[in-house]
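Listed below, chain by chain, are the residues.
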Amino acid sequence: DIVMTQSPDSLAVSLGAGATINCKSSQSVLYSSNSKNYLAWYQQKPGQPPKLLVFWASTRESGVPDRFSGSGSGTDFTLTISSLQAEDVAVYYCQQYYSTPYTFGQGTRLEIK
Amino acid sequence: EVQLVESGGGLVQPGRSLSLSCTGSGFTFGDYGVNWFRQAPGKGLEWVGFIRREAYGVTTQYAASVKGRFTISRDDSKSIAYLQMDSLKIEDTAMYYCTTETGSGLSDYWGQGTLVTVSS
């Protein structure tokens, strides 16, 4: 199984400041035949299902604000929020869909400082 | 608007069975695979299994923790996917979510979830 490890576990950021969440996979999720990283980022607010933010490691889902961006390749990935808004308070998960069992990071709780 | 609605959750005793449904609307259900995930109270997300669309042979795969106990099926004529859960254990207690699956494994649309509580 591919183990996904996020850092930090929690993060407190001031409104308008940037936030960075890291995700590391135990093996590469880059599929060589199509050069795509099978890595997604989800946002989950209390009492709600996860919401897809980014897929293929860096492609923003339609309707997601452009302050959210994903980067990285192979085994190391980053979700960046450029200017934190109050509505961004949530738990963020990375997930690999390269191979089953599809696995998630443990989650990063983002709060307002 | 794409919608997925899970139903069938509830309180069930250990060792008993429960069947969940995932009803899709706003899209052509048969064009998508379906992933099932779960989330124990206060915990992270766990993949349960998937069922591919007919074009990919309606194949299924399961997490090791549920293999042999859970079965996923689908009825595209009704736009419904099912998760049959047998021999339930206390550790199966969780919110269960279904999602559309794009063919590459990616889950884009999620339902609101249905809560399964396994307790005596």
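Everything discussed here concerns the structure shown above.
Since the structure is predicted, the reported quantities are computational estimates derived from the model, not experimental observations.

Rules and cut-offs
Residues numbered from 1 in each chain as written. Chains lettered and ligands numbered in written order. Predicted model: local features only at pLDDT ≥ 70, side-chain atom pairs only at ≥ 80, totals over all residues. Heavy atoms only, no water. Helix = DSSP H or I, 4+ residues; strand = E, 2+ residues; numbered from the N terminus. Rg over C-alpha atoms; globule rule 2.2 N^0.38 Å. Buried < 20%, exposed > 50% of the residue type's maximum accessible area, 1.4 Å probe, protein only. Contact = heavy atoms within 4.5 Å. Areas by Shrake-Rupley, 256 points an atom, 1.4 Å probe, with all protein chains shown as cover. Salt bridge = Lys/Arg side-chain N within 4 Å of Asp/Glu carboxyl O. Pairing = 2+ DSSP bridges. Axes fitted to C-alpha atoms, helices over the stretch in contact; angles between N-to-C directions. Polar contact = N/O pair within 3.5 Å; in protein donor to acceptor, adjacent residues only side chain to side chain. Phe/Tyr/Trp six-rings, centres within 6.5 Å; stacked < 30°, edge-to-face > 60°. Lys NZ or Arg CZ within 6 Å of the ring centre and 35° of its normal.

K.L.:
I'm lost on the overall build of chain B in this one. Help?
P.N.:
Across its full length, chain B holds zero helices and 11 strands. If you list the helices and strands of chain B from N to C, you get β-β-β-β-β-β-β-β-β-β-β. Its C-alpha atoms give chain B a radius of gyration of 13 Å, near enough to 14 Å, the size a compact globule of 120 residues would have. Projected onto its principal axes, the C-alpha positions of chain B cover 40 × 30 × 25 Å. Residue burial in chain B is summarised as follows: out of 120 residues, 46% are buried. Counting contacts in chain B only where the partners sit at least 6 residues apart, residues at least 24 apart contribute 53% of the total. Surface summary for chain B: the accessible area is close to 5400 Å², and the carbon and sulfur share equals 47%.

K.L.:
I'm lost on the environment of B:F70 in this one. Help?
P.N.:
Residue and element names in this part refer to chain B. Within the secondary structure, F70 is located in strand β7 (residues 70-75). In this structure, the C-alpha to C-alpha distance between F70 and L83, residues 13 residues apart in sequence, is 6.8 Å. Other than its neighbours up to four places away in sequence, F70 contacts R38, V48, Y62, L83, Q84, M85, D86, L88, D92 and Y96.

K.L.:
I'm lost on the pattern of salt bridges in this one. Help?
P.N.:
Charged atoms that come close allow side chains of opposite charge to pair. Scanning the model with the defined rule gives eight salt bridges over all chains in all. Between A:R67 and A:D88 there is a salt bridge, with the nearest N and O atoms lying 2.8 Å from each other. Placement of A:R67 in the loop between β8 (59-60) and β9 (68-73) and of A:D88 in the loop between β10 (76-81) and β11 (90-96) is noted, with a sequence separation of 21 residues between them. As far as the burial class goes, A:R67 and A:D88 line up, both buried. Put simply, B:R38 and B:E46 hold a salt bridge, and the shortest N to O gap is 2.8 Å. A relative accessible area of 30% places B:E46 in the partly exposed class. Look at the salt bridges and you will find they share partners, linking B:R38, B:E46, B:R69 and B:D92 into a network.

K.L.:
Just checking my understanding: could you explain the pairing of strand β4 (residues 33-39) of chain B for this structure?
P.N.:
Every regular strand shows the same layout, with side chains that alternate between the two sheet faces. Residue and element names in this part refer to chain B. Among the seven residues in β4, seven count as buried, and that is most of the element. Sheet analysis places β4 next to strand β9 (residues 94-101), joined by seven bridges and oriented antiparallel. Opposite F37, over in β9, you have Y97 as the bridge partner. When β4 meets strand β5 (residues 45-51), the two strands line up antiparallel, connected through six bridges. Counterpart to V34 in the pairing with β5 is I51. Between β4 and β5, which follow one another and run antiparallel, lie five residues, and G42 among them has a positive phi close to 75°.

K.L.:
How should I be thinking about the sheet that holds β7(B) in this particular structure?
P.N.:
Residue and element names in this part refer to chain B. With antiparallel pairing, the four strands of this open sheet are ordered in space as β1-β3-β8-β7. Either end of the sheet is taken by a strand with one partner, and the two such strands are β1 (3-7) and β7. Looking at each pair of strands side by side, their axes are set apart by 15° on average, direction ignored. Looking at chain direction, strand β3 (residues 18-25) and strand β8 (residues 80-85) are connected through six bridges and run antiparallel. When the bridges of β8 are listed, L20 appears paired with L83.

K.L.:
What's the story with the interface of chain B and chain A in this structure? I'm lost.
P.N.:
By a frequent convention, interface size equals the accessible area lost on bringing the separate parts together. In this complex, chain B contributes 20 residues to the contact, which on the side of chain A involves 18 residues. Counting the contacts that link chain B with chain A gives four residue pairs in polar contact (both at pLDDT 80 or more). Those elements giving two or more residues to the side of chain B that touches chain A turn out to be β4, β5 and β10 (107-110) of chain B. With four residues, the single largest contributor to the side of chain B that touches chain A is β5(B).

K.L.:
What is the right way to look at the packing of aromatic side chains in this model?
P.N.:
Each aromatic ring pair is specified by the distance between its two centres and by the angle formed by the two planes. Under the definition given, this model contains 18 aromatic pairs over all chains. A ring pair is formed by B:W47 and B:F50, whose centres lie 5.9 Å apart and whose planes are at 50°; its orientation type is tilted. In this pair, the class of B:W47 matches that of B:F50, namely buried. Linked through ring pairs, A:Y42, A:Y93, A:F104, B:F37, B:Y97 and B:W110 together constitute an aromatic cluster. The residue whose ring lies beneath B:R52 is B:F50, and the NZ or CZ to ring-centre distance is 4.2 Å. If you follow B:R53 out to its NZ or CZ, it ends over the ring of B:Y56, 4.8 Å from the centre.

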